[in-house]
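Notes for the structure review
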Amino acid sequence: MKITEIELNKEYLITKQSKDISYSDVFQLRTTSLKEVPKPKDCMIAFFKAFSPFFTKLLLSREKIAKKLGLKTATKLTQVERETYLNEFEGNIGDSIAIFDVLDKNDIELLTGQTDKHLDFKLSFISYEEGDDKIMELATIVKIHNTLGKIYFFLVKPFHRYFMKKIFMKMEKELLFLEKRNEGKQVS
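Please read all numbers here as calculations on a predicted model, not as lab measurements.

Scanning the chain for helices and strands turns up five helices and seven strands. Seen in sequence order, the chain has helices and strands lined up from the N terminus as β-α-β-α-α-α-β-β-β-β-β-α. Taken across its 188 residues, the chain has 44% of its residues classed as buried. Intrachain contacts of the chain at a sequence separation of at least 6 include 63% that bridge at least 24 residues.

In structure tokens:
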């Protein structure tokens, strides 16, 4: 498993549907551990299941602050609510996990995001195969609207960059677990 930062692909949905970008990054994981290329919706599920308890506490703190600032917050905050919703998530346009609304999708990409008065963010879950490698990418784009958005993103950016890499490492384990679980269902 190798995680690297790469350039944003101009052909991706996230790029085609974004204008006036204030910030972007793309982290890529290459692995040979997986037998199949995971679907982008499964990458999104694995992303949320890969959160550490500390990161989950940070997000819950973010929710409290965001609510006071008038930003959109997640509606399913308990562990049971989140788990149930993740297990039932289909990844269709209009579906959401927390504040990540599914905006568009194709065979290799699930584009999610949110727009508010301070900033817009988009996060794409991308997966494909290249030789023996199964490749997953997390592409982020942010468009800042005002001073409060600049301050918010200034505070969030270091956490974003640090935790995206950590979450990505755990995502592979979640996807391996999902792959084994799905193999077990096919055998039955």
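Across the sheet, seven strands lie side by side as 1-2-7-6-5-4-3; this open sheet has antiparallel pairing. The open sheet is flanked by strand 1 (2–5) and strand 3 (96–97), the only strands paired with a single partner. Where strand 2 (residues 23–31) lies against strand 7 (residues 133–144), nine bridges are found, and the strand directions are antiparallel. Paired with Arg30 across the strands is Ile135, a residue of strand 7. Along the sheet, helix 2 (residues 40–49) makes contact with strand 3, strand 4 (100–105), strand 5 (109–115), strand 6 (119–130) and strand 7, crossing strand 6 at roughly 120°.

What follows concerns the pattern of salt bridges. Under the definition given, this model contains eight salt bridges. As a salt-bridge pair, Lys143 and Asp20 come within 3.9 Å of each other at their nearest N and O atoms. Of this pair, Lys143 sits in strand 7 while Asp20 sits in the loop between helix 1 (13–16) and strand 2; the two residues are 123 residues apart in sequence, bridging distant segments of the chain. What makes Asp20 exposed here is its relative accessible area of 60%. Here Arg161 makes a salt bridge to Asp25, at a shortest N to O gap of 3.7 Å. In this pair, Arg161 is assigned in helix 5 (residues 147–187) and Asp25 in strand 2, connecting sequence segments 136 residues apart. Relative accessible area serves as the criterion here: at 2%, Asp25 is assigned to the buried category.

By the criterion of burial, helix 2 is predominantly enclosed, with eight of the 10 residues buried. The set of residues buried in helix 2 consists of Pro40, Asp42, Cys43, Met44, Ile45, Ala46, Phe47 and Phe48.

When you tally the buried positions in strand 6, you get 10 out of 12 residues, the bulk of the element. Relative to strand 6, strand 5 runs antiparallel, the two being bridged by seven bridges. What sits directly across from Leu110, in strand 6, is Phe125. Here strand 6 hands over to strand 7 after two residues, with Gly131 in that stretch at a positive phi of 65°.

A word on the environment of Lys150. You can see Lys150 is positioned in helix 5. Residue classification places Lys150 among the exposed positions, given a relative accessible area of 54%. Sequence separation of Lys150 and Leu119 is 31 residues, and the distance between their C-alpha atoms is 8.2 Å.

This brings us to the packing of aromatic side chains. Counting across every chain of the model gives seven aromatic pairs. Summarising the aromatic geometry, the rings of Phe47 and Phe100 are spaced 6.3 Å apart at their centres and angled 70° between planes, so their arrangement reads as edge-to-face. Pair noted here: Phe47 is in helix 2 and Phe100 is in strand 4, with a separation of 53 residues, a long-range link. For Phe47, a relative accessible area of 3% gives the class buried. Considering the side-chain rings of Tyr162 and Phe163, the 5.0 Å spacing of their centres and the 85° angle between planes classify their relative orientation as edge-to-face. A relative accessible area of 47% means that Tyr162 is categorised as partly exposed. Members of the aromatic cluster, joined through ring pairs, are Phe47, Phe48, Phe100, Phe121 and Phe125.

Thresholds applied
Here the residue numbers are simple positions, counted from 1 along each chain's written sequence. Local features in this predicted model are restricted to residues of pLDDT 70 or higher, and side-chain atom pairs are both shown and tallied only at a pLDDT of 80 or more, whereas totals for entire chains, interfaces and linings draw on every residue. Computation of side-chain values: all heavy atoms of the structure, hydrogens and water removed. Numbering of helices and strands runs from the N terminus, with a helix taken as a DSSP run of H or I at least four residues long and a strand as a DSSP run of E at least two residues long. Each residue gets one of three labels from its accessible area relative to the maximum for its type: buried under 20%, exposed over 50%, partly exposed in between, using a 1.4 Å probe on protein chains only. Note on contacts: a residue pair is in contact if any heavy atoms of the two residues lie within 4.5 Å. Two strands form a pair only when DSSP identifies at least two bridges running between them. Note on geometry: axes are C-alpha line fits, over the in-contact stretch for helices, and angles between N-to-C directions span 0 to 180 degrees. Salt bridge, as applied in this entry: a Lys or Arg side-chain nitrogen positioned within 4 Å of an Asp or Glu carboxyl oxygen. The pairing test for Phe, Tyr and Trp rings, Trp by its six-membered ring, is centres within 6.5 Å, and the orientation test on the planes gives stacked under 30 degrees, edge-to-face over 60, and tilted for anything in between.

Function-wise, these values are silent; they only describe arrangement.
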